[in-house]
Amino acid sequence: MISINLLPGEYRKSEATPIARFLSIVIGAVVVTTSLVIYGYVHYSQLRGAQDLFEATEQIYTNKKMEADVSLALQAEINAYEARRKAITEVARNRILHSKKLDEFLQVIHAGGEASSAYTVWLNNLSIKPARETRAKGGATTGGTLSFSGFSETTQFSRVTNLRDALKGNKTFYDDFKAISRPVFKAQQWDDGLEPSSAGKFSFELTFKPLGWASEDKSKKAK
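Residues numbered from 1 in each chain as written. Predicted model: local features only at pLDDT ≥ 70, side-chain atom pairs only at ≥ 80, totals over all residues. Heavy atoms only, no water.

A. Layout of the pattern of salt bridges. Overall, the coordinates contain five salt bridges when judged by the stated rule. Two residues, Asp-175 and Lys-171, come together in a salt bridge whose shortest N-O distance is 3.6 Å. In this structure Asp-175 comes out as partly exposed when scored by relative accessible area, which is 30%. For Lys-171, a relative accessible area of 61% puts it in the exposed group. (Salt bridge = Lys/Arg side-chain N within 4 Å of Asp/Glu carboxyl O. Buried < 20%, exposed > 50% of the residue type's maximum accessible area, 1.4 Å probe, protein only.)

Following this line, the structure appears as structure tokens:
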């Protein structure tokens, strides 16, 4: 049977939306809404937290790197000072303080001026020759020499031998030497009317031990 509705459109009964289309619209709306909710949760909650954690971790790394750079710079400075200290120690170990030796030497000479002394001498020349490096294996074999000459109070040869014994007997002074020469001695007379009219002219040469001998002895004793 064919049914024709002749009523105007505004008076006609609206047709219902097909159930399949309605379900499709509802499901689509739910999917879109759910996607928006998930996006908002991830973007504004989880992603923001991860970004904050990343920034905090990056800041910690930056701070630690700065501390590490400062520590490395301090360590490099410590190493430089340690190397400098070792170099200074090595230089001090392998040299002779001539000013100290001269002071010790003059103390021995000055003791000769005492009334009870076995010698009284006056110096007219003193020279020091430093160690010289050689091309031979082992380098310099001595630390140089100390030479001096002068006059003794009398022409007695025993006066200068007493001086020699005094120099060798003074451990503080003689410890840096390995040998002292026999005295070159000559009795000398003057007829100028001045006192003394005679004296013993003499000269000595002392040979220093090799540079660094003290540290080598300590190393041997340690073994």
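B. Quick peek at the nonpolar core. Ranked by internal contacts, the top residues of the largest apolar core, which has 18 residues, are Phe-148, Leu-163, Leu-167 and Leu-206. When residues of this core are traced back to their parent elements, those giving at least two are helix H2 (98-111), strand S2 (144-152), helix H3 (157-169), helix H4 (171-174), strand S3 (177-180) and strand S5 (198-208). In terms of residues, this core owes the most to one element, S5, which gives four residues. Other than its neighbours up to four places away in sequence, Leu-206 contacts Gly-144, Thr-145, Leu-146, Phe-148, Phe-173, Tyr-174, Phe-177, Ala-179 and Ile-180. (Core = buried A, V, L, I, M, F, W, Y, C linked by side-chain atoms within 4.5 Å. Helix = DSSP H or I, 4+ residues; strand = E, 2+ residues; numbered from the N terminus. Contact = heavy atoms within 4.5 Å.)

C. Spotlight on the packing of aromatic side chains. This model, assessed by the stated rule, comprises 10 aromatic pairs. The interplanar angle of 25° and the centroid separation of 6.0 Å between the aromatic rings of Tyr-174 and Phe-177 together place this pair among those described as stacked. The two residues Tyr-174 and Phe-177 agree in class, both being buried. Cluster of aromatic residues (ring-pair linked, three or more members): Phe-105, Phe-148, Phe-173, Tyr-174, Phe-177, Phe-202, Phe-204 and Phe-208. (Phe/Tyr/Trp six-rings, centres within 6.5 Å; stacked < 30°, edge-to-face > 60°.)

D. Fine view of the pairing of S2. Among the nine residues that make up S2, eight are buried, leaving the element largely enclosed by the rest of the structure. Judged from the nine bridges that link them, strand S1 (residues 121-130) and S2 form a sheet pairing that is antiparallel. Within S2, the position partnered with Ile-128 by the bridge is Leu-146. (Pairing = 2+ DSSP bridges.)

E. View of the confidence of the model for the chain. Scored by pLDDT, the chain comes out at a mean of 79, with 71% of its residues at no less than 70. By mean pLDDT, the top-scoring element of the chain is S5 (94), and the lowest-scoring one is helix H5 (residues 213-222) (56). (pLDDT = per-residue confidence, 0-100.)

F. Seen up close, H2. Taking 1.5 Å per residue as the helical rise, H2 with its 14 residues ought to reach 20 Å, and the 20 Å between its terminal C-alpha atoms agrees with that figure. Restricting attention to buried positions, one finds in H2 the residues Lys-101, Glu-104, Phe-105, Val-108 and Ile-109. Seen from one end, H2 has its buried residues packed into an arc of 140°, which puts them on one side. Exposed side of H2, more than 90 degrees from the buried face: Ser-99, Gln-107 and His-110 are the residues found there. Those residues of H2 hidden inside the fold are in contact with S1, S2, H3, H4, S3 and S5. (Expected span 1.5 Å × (residues − 1). Arc of directions from axis to C-beta.)

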